[in-house]
Amino acid sequence: MSPSSLTNNTSALCPAQLHADLSYLVHDMRVSINTTLTCFAVLKKSIASEEHSLAVEQALEAGPRSAIKTLNMINMMLDAPRLSTGEYVLQRGRVELHTLIANIIADLMPLARDYGVEILNEASLRLPPLDVDGELLNRVFQNLLDNALKFTPPYGEIEVHADCVMDQAPHILCSILDSGPGIPAEYLGEIFTRAGPLTRGRRRGAGLGLPFCQLVIERHGGRIWAENRPQGGAAF
């Protein structure tokens, strides 16, 4: 995958934009909280009647997942301004990238099954440990994979790649490839800085996740970009 140009803009999440994004985030959080409450209602009814059905299994999977998604959105809202101003202190530590990706995919697998989408972990097993903020990096991959799931149609695939690139400045190149509708050309240059939701095909995504990913990656000294794949779909 060849890099495409992307203008650095660590002030992407200024207070005005955060305010613009808030209505979309609140809507997503409301949906997530309602899902959680519905799951617990199913569990409560099942426990009372001692029923153990498929609905209970689905509730046990969807309830925590929905709560975690809500918590991630709240954490993004709290952490983004501090990342933007440089006040956020990275909690660096040893992170095995292949394991981090595998754990996220395992968490998303029930949702992927519901969507009829396959997620493939193609990250190299020979990657050296990374000295990064593991929690923030986890949230970056969580956001990008959740975004890919949102736009990949049934029977589609998502591939996660991570490899060492040995050039003048050795680095780790990661990519998440989906088989969705791709990114509208007019959004490619501003996908990490634009306010409000992004529409790809018939689906929309809230506007804070990608700017947050850019803040985290740039805070670690890296960069992130997006492009459309020649065979269809998007690559991040």
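Look above for the structure.
Residues numbered from 1 in each chain as written. Predicted model: local features only at pLDDT ≥ 70, side-chain atom pairs only at ≥ 80, totals over all residues. Heavy atoms only, no water.

Even after reading the chapter, I still don't get the overall build of the chain, so can you show me in this structure?
Assigned secondary structure in the chain consists of 5 helices and 9 strands. Across the chain, helices and strands are ordered from the amino to the carboxyl terminus as α-α-β-α-β-β-α-β-β-β-β-α-β-β. Looking at the chain as a whole, 44% of its 236 residues are labelled buried. Contacts in the chain between residues far apart in sequence, at least 24 positions, make up 75% of those at least 6 positions apart. Accessible surface, the chain as shown: approximately 12,700 Å² in total, 56% of it carbon and sulfur. (Helix = DSSP H or I, 4+ residues; strand = E, 2+ residues; numbered from the N terminus. Buried < 20%, exposed > 50% of the residue type's maximum accessible area, 1.4 Å probe, protein only. Contact = heavy atoms within 4.5 Å. Areas by Shrake-Rupley, 256 points an atom, 1.4 Å probe, with all protein chains shown as cover.)

It is not clear to me how the packing of aromatic side chains should be interpreted in this structure. Could you clarify?
For any pair of aromatic rings, the description rests on two quantities: the centre-to-centre distance and the angle between the ring planes. Taken as a whole, this structure holds 1 aromatic pair when the rule is applied. Plain terms: the ring middles of phenylalanine 192 and phenylalanine 236 are 6.2 Å apart, the flat faces sit at 80 degrees to each other, and that makes the pair edge-to-face. Within this pair, whereas phenylalanine 192 is found in the loop between strand S5 (171-177) and strand S6 (198-200), its partner phenylalanine 236 is found in the segment after strand S9 (234-235), the two being separated by 44 residues in sequence. Both residues of the pair, phenylalanine 192 and phenylalanine 236, belong to the buried class. (Phe/Tyr/Trp six-rings, centres within 6.5 Å; stacked < 30°, edge-to-face > 60°.)

Just checking my understanding: could you explain the environment of arginine 139 for this structure?
Tracing the sequence through the fold places arginine 139 in helix H4 (residues 134-151). Remark: the alpha-carbon pair of arginine 139 and cysteine 213, spanning 74 residues in sequence, is separated by 8.0 Å. Not counting residues up to four positions away in its chain, the partners in contact with arginine 139 are Asn72, Asn75, Met76, Asp79 and Phe212.

Help me understand helix H3 (residues 97-115), please; the structure alone is not making it clear to me.
Structural remark: α-helix, 3.6 residues per turn; residues separated by three or four positions point the same way. Taking 1.5 Å as the rise per residue, H3 with 19 residues should run 27 Å; its terminal C-alpha atoms sit 25 Å apart, in good agreement. If you look at H3, its biggest bend is around 50 degrees, right at methionine 109, and the proline proline 110 turns up within four residues after that. All of the buried residues along H3 are Leu97, Leu100, Ile101, Ile104, Ile105, Leu108, Pro110, Leu111 and Ala112. Two residues or fewer after H3 comes glycine 116, characterised by a positive phi angle close to 70 degrees. (Expected span 1.5 Å × (residues − 1). Bend = angle between axes of the 7 residues up to and from the residue.)

Where do I start with the packing of H3 against H4 in this structure?
Following both chains from N to C, one finds H3 and H4 inclined at 30 degrees, their axes separated by 10 Å at the closest point. Of the possible angle classes, the one that applies to H3 and H4 is roughly parallel. Where H3 crosses over H4, the two elements pack in a sense that is right-handed. Of the residues in H4, those in contact with Leu97, Leu100, Ile101, Ile104, Ile105, Leu108, Leu111, Ala112 and Tyr115 of H3 are Gly134, Leu137, Asn138, Phe141, Gln142, Leu145, Asp146 and Leu149. Class assignment of the residues belonging to the contact of H3 with H4 gives a composition of 13 nonpolar, 3 polar and 1 charged. (Axes fitted to C-alpha atoms, helices over the stretch in contact; angles between N-to-C directions. Parallel < 35°, antiparallel > 145°, perpendicular 65-115°, else oblique. Left-handed = near helix turned anticlockwise from the far one by under 90°. Nonpolar A, V, L, I, M, F, W, Y, C, P; charged D, E, K, R; others polar.)

Help me understand the nonpolar core in this model?
Considering soluble globular proteins, one finds that nonpolar side chains tend to be buried as a cluster. Counting 48 residues, the largest nonpolar core has Leu97, Ile101, Ile119, Phe141, Leu145 and Phe236 as its most contacted members. Of all the elements in the fold, those that place two or more residues in this core are helix H2 (54-85), H3, strand S2 (118-123), strand S3 (130-133), H4, strand S4 (157-165) and helix H5 (209-219). (Core = buried A, V, L, I, M, F, W, Y, C linked by side-chain atoms within 4.5 Å.)

Help me out: how do you make sense of H5 in this one?
Burial within H5 is extensive, with 10 of its 11 residues counted as buried. Within H5, burial applies to Gly209, Leu210, Pro211, Phe212, Cys213, Gln214, Leu215, Val216, Ile217 and Glu218. Following H5 by one or two positions, glycine 221 has its phi on the positive side, about 90 degrees.

In this structure, what is going on with unusual backbone geometry? I would like to understand it.
Note: most residues except glycine have negative phi, and most peptide bonds are trans. A positive phi angle is found at tyrosine 155, which is not glycine, with a value near 70 degrees. As for its placement among the helices and strands, tyrosine 155 is situated in the loop between H4 and S4.

How should the pattern of salt bridges be read in this particular structure?
As a working rule, side chains carrying opposite charge can pair if their charged atoms are close by. Tallied over the full model, the rule gives 4 salt bridges. In this structure, aspartate 79 engages arginine 82 in a salt bridge whose closest nitrogen and oxygen atoms are separated by 3.1 Å. Pair noted here: aspartate 79 and arginine 82 are both in helix H2, with a separation of 3 residues, about one helical turn. A relative accessible area of 9% places aspartate 79 in the buried class. Across the pair glutamate 96 and arginine 94 runs a salt bridge whose closest N-O atoms are separated by 3.5 Å. Taken together, the shared-partner salt bridges connect Asp79, Arg82, Glu135 and Arg139 into one network. (Salt bridge = Lys/Arg side-chain N within 4 Å of Asp/Glu carboxyl O.)

How do you make sense of the environment of aspartate 28 when you look at a structure like this?
Mapping aspartate 28 onto the fold places it in helix H1 (residues 15-49). Distance in space between the C-alpha atoms of aspartate 28 and threonine 70 is 8.0 Å, their sequence separation being 42 residues.

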